[in-house]
Amino acid sequence: MEILRTVAELRKWSRSVRGDDGNTIGLVPTMGALHAGHASLIRAAAASCSQVAVGIFVNPTQFGPNEDYAHYPRTSDADCALAKAEGASVIFVPAVEELYPAGAATFVEVEGLSNRLDGASRPGHFRGVATVVAKLMIAAEADRAFFGQKDAAQVAVLLRMVTDLRLATEIVVCPIIREADGLALSSRNMYLSPAERAHALVLSRAVRTVETLVAKGERRASALVAAAGQAFAGEPTVRVDYIELVDWATLQPVETALPGSLFAVAAWVGATRLIDNAILG
Ligand code: AMP
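S.K.: Looking at this structure, how should I read the overall build of the protein chain?
M.R.: Helix and strand counts for the protein chain stand at 10 helices and 9 strands. A globule of 281 residues ought to have a C-alpha radius of gyration of about 19 Å, and the protein chain, at 19 Å, matches this closely. Here the C-alpha coordinates of the protein chain stretch approximately 55 × 40 × 35 Å along the principal axes. The burial tally for the protein chain puts 52% of its 281 residues in the buried class. For the protein chain, the computed accessible surface area is about 12,700 Å², with 54% contributed by carbon and sulfur atoms. One finds the centroid of the 26 positive side-chain charges in the protein chain at a distance of 2 Å from the centroid of its 30 negative side-chain charges.

S.K.: Sorry if this is basic, but what is going on with the sheet that holds strand β9 (residues 272–279) here?
M.R.: For sheets, the rule is that strands pair by backbone hydrogen bonds, running either parallel or antiparallel. Spatial ordering of the open sheet is given by β7-β8-β9, a layout of 3 strands whose pairing is antiparallel. Pairing within the sheet leaves two strands with one partner each, and these edge strands are β7 (238–246) and β9. Each strand axis lies, on average, 15 degrees off the axis of its neighbour in the sheet, ignoring direction.

S.K.: Explain the packing of helix α9 (residues 201–215) against helix α10 (residues 221–233) here, please?
M.R.: Helix-helix packing is characterised by the crossing angle of the two axes and by the distance between the axes. At a minimum axis distance of 9 Å, the contact between α9 and α10 shows a crossing angle of 145 degrees. Between α9 and α10 the crossing geometry is right-handed. Side by side, α9 and α10 meet where Val-202, Leu-203, Ala-206, Thr-209, Val-210, Leu-213 and Val-214 of the first sit next to Leu-224, Ala-227, Ala-228, Ala-231 and Phe-232 of the second. Considering only residue class, the contact of α9 with α10 consists of 11 nonpolar, 1 polar and no charged.

S.K.: Would you explain the site of the ligand in this entry?
M.R.: Inspection of the region around the ligand gives 17 residues, with His-38, Gly-148, Asp-151, Ile-177 and Leu-185 positioned closest. Separating a nitrogen atom of the ligand from a backbone N or O atom of Leu-185 is a distance of 2.9 Å. When the ligand sits alone it has 490 Å² of accessible area, and the protein chains cover 92% of it. Residue assignment for the shell around the ligand shows that the elements contributing at least two residues are β2 (25–30), α2 (36–48) and β5 (144–148). The element contributing the most residues to the shell around the ligand is α2, with 3 residues. When its residues are assigned to classes, the shell around the ligand shows 9 nonpolar, 6 polar and 2 charged.

S.K.: Looking at this structure, I do not really get α2. What am I missing?
M.R.: Turn by turn, an α-helix covers 3.6 residues, leaving residues three or four places apart pointing in a common direction. Given a rise of 1.5 Å per residue, 13 residues ought to cover 18 Å, and the 18 Å separating the end C-alpha atoms of α2 matches this to within 8%. Inspection of α2 places Gly-37, His-38, Ala-39, Ser-40, Leu-41, Ile-42 and Ala-45 among the buried residues, and these make up the whole buried set. Those residues of α2 hidden inside the fold are in contact with β2, β3 (51–56), α3 (76–86), β5 and β6 (170–174).

S.K.: I keep staring at the environment of Leu-262 and nothing clicks. Help me out?
M.R.: By the secondary structure assignment, Leu-262 is in strand β8 (residues 262–269). Remark: the alpha-carbon pair of Leu-262 and Gln-154, spanning 108 residues in sequence, is separated by 12 Å.

Calculation criteria
Residues numbered from 1 in each chain as written. Predicted model: local features only at pLDDT ≥ 70, side-chain atom pairs only at ≥ 80, totals over all residues. Heavy atoms only, no water. Helix = DSSP H or I, 4+ residues; strand = E, 2+ residues; numbered from the N terminus. Rg over C-alpha atoms; globule rule 2.2 N^0.38 Å. Buried < 20%, exposed > 50% of the residue type's maximum accessible area, 1.4 Å probe, protein only. Areas by Shrake-Rupley, 256 points an atom, 1.4 Å probe, with all protein chains shown as cover. Lys, Arg positive; Asp, Glu negative; His and termini not counted. Charge placed at Lys NZ, Arg CZ, Asp CG, Glu CD. Pairing = 2+ DSSP bridges. Axes fitted to C-alpha atoms, helices over the stretch in contact; angles between N-to-C directions. Left-handed = near helix turned anticlockwise from the far one by under 90°. Contact = heavy atoms within 4.5 Å. Nonpolar A, V, L, I, M, F, W, Y, C, P; charged D, E, K, R; others polar. Near = heavy atom within 4 Å. Polar contact = N/O pair within 3.5 Å; in protein donor to acceptor, adjacent residues only side chain to side chain. Expected span 1.5 Å × (residues − 1).

Spelled out as structure tokens, the structure:
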């Protein structure tokens, strides 16, 4: 498995492997610190594309000034081994200056969606995400790019971006991978102390509570949000950022859950911000 470091190398690789044989290129953008959630995306990409590029880039523009950019876990040797084992053809590990050349002044802003959910509490976050994903899709000339439902608001922003920019890359959304006790896998889980790890289970508990209520026929957003709020009230050390029922495409609040509505939560467990969600049936 080759390690590529420049956009020119990635583009050259993509063009050479595509050839004239109808080979397809899959792209899995990540920030590294790979876990079983990332592995599931790489496996899905390898199952549906002839060649897979895994991007590993801690993207500075999606972190706020007081966020964890400097401390974000960087585990490159283990990442390479995992990517290779799951079927990556190459990994793309650019330096910051490679994706943001000196004087970089071009950003992708998905209006309306970028300030909803995580975008509301992390101003500029989705602008950074959309910008870096557009750069990766264009550089890799990817046929398909694979993202986790774990970051459901991100998926909505990127689908809008691909539609609006008429990009040639199709977005594939993969299910949330969880620990046996329900905690959604996240690179940030490694920040949690054992006590915080236990408290963090309230996020998946709140989501499950809502899924159960919906299965029993409850559809009112007010009742679903209140039930999740009650679940969080049982874990007072965890500070809720948002609890929302929204249309998954627009991220606008809805009053009544419909099939495909997004129920999403974010909360602070100590100094660590975690998210979870469900697409309602
Ligand atoms: P990140 O490295 O956190 O930027 O995530 C890279 C990709 O992995 C994103 O598309 C995430 O949605 C996805 N991902 C992260 N955690 C999970 C998970 N627990 N299950 C499925 N996909 C995930």
